[in-house]
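Descriptive analysis of the structure
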Amino acid sequence: MAFDIRKNEKYTLVKVNVDRLDTNNAPDLKSELVVINNNGEKNIILDLSSVSYCDSSGLRSVLVANRLCEDAIGTFILCGLQPDVENLVQISMLHTVLLITETVEEAEELLEKKENL
């Protein structure tokens, strides 16, 4: 799967570089998120700004990442949702469970605020 991973001092940014997050590639994303968490990362920002379509498999990967961060007493932030993906997240009521920002920069600011609490 095509994604960029950028390790930062306080978090890891995972940018998904495909237009469809579905049964064909969601398991790859899920595996990578598990590896990142197993390497000790507790804060993950997932950038889906390039993703215009997501199915239930993609949402499961997102939920796995959220659970892994919660279990590690960390923070998971989803950002860059395109209209169709955002609609699916809202229909699934996941916007009530997940931290979601429009941009990576907003996610970084939110993470910084949470760290300073």
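The shown structure was predicted, so the numbers you read here are calculated from the model rather than taken from an experiment.

In this section: the pattern of salt bridges. One pass over the full model with this rule turns up five salt bridges. With its nearest N and O atoms 2.6 Å apart, the salt bridge here joins glutamate 41 to lysine 7. Linking glutamate 41 in the loop between helix H1 (26-38) and strand S4 (44-47) with lysine 7 in strand S1 (residues 3-7), this pair joins segments that are 34 residues apart in sequence. As a salt-bridge pair, aspartate 71 and arginine 67 come within 3.6 Å of each other at their nearest N and O atoms. Taken together, the residues aspartate 71 and arginine 67, both in helix H2 (residues 56-71) and four residues apart, mark about one turn of the helix. For aspartate 71, a relative accessible area of 55% gives the class exposed. Take arginine 67: its relative accessible area is 44%, and that puts it in the partly exposed class.

Spatially, S1-S2-S4-S6-S7 is the arrangement adopted by the five strands of the open sheet, whose pairing is mixed. Strand pairing shows two members of the sheet lacking a second neighbour, S1 and strand S7 (99-101), which therefore form its edges. For this sheet, the mean angle separating the axes of adjacent strands, direction not counted, is 20°. Alignment of S1 against strand S2 (residues 12-16), held across five bridges, turns out to be antiparallel. The partner of isoleucine 5 across the bridge, within S2, is valine 14.

Glancing now at the nonpolar core. Among the nonpolar cores identified, the biggest contains 25 residues, and Val14, Leu46, Leu48, Phe76 and Leu78 are the most heavily contacted of them. At the level of elements, S2, H1, S4, H2, strand S6 (76-79) and helix H3 (83-91) are the ones that each hand at least two residues to this core. Those residues in contact with leucine 48, other than ones at most four positions away along the chain, are Val16, Leu21, Val62, Leu78, Cys79, Gly80, Leu81 and Gln82. Ranked by size, the runner-up nonpolar core spans eight residues in total, among them Cys79, Val104, Ala107 and Leu111.

Analysis parameters
- Residues numbered from 1 in each chain as written.
- Predicted model: local features only at pLDDT ≥ 70, side-chain atom pairs only at ≥ 80, totals over all residues.
- Heavy atoms only, no water.
- Salt bridge = Lys/Arg side-chain N within 4 Å of Asp/Glu carboxyl O.
- Helix = DSSP H or I, 4+ residues; strand = E, 2+ residues; numbered from the N terminus.
- Buried < 20%, exposed > 50% of the residue type's maximum accessible area, 1.4 Å probe, protein only.
- Pairing = 2+ DSSP bridges.
- Axes fitted to C-alpha atoms, helices over the stretch in contact; angles between N-to-C directions.
- Core = buried A, V, L, I, M, F, W, Y, C linked by side-chain atoms within 4.5 Å.
- Contact = heavy atoms within 4.5 Å.

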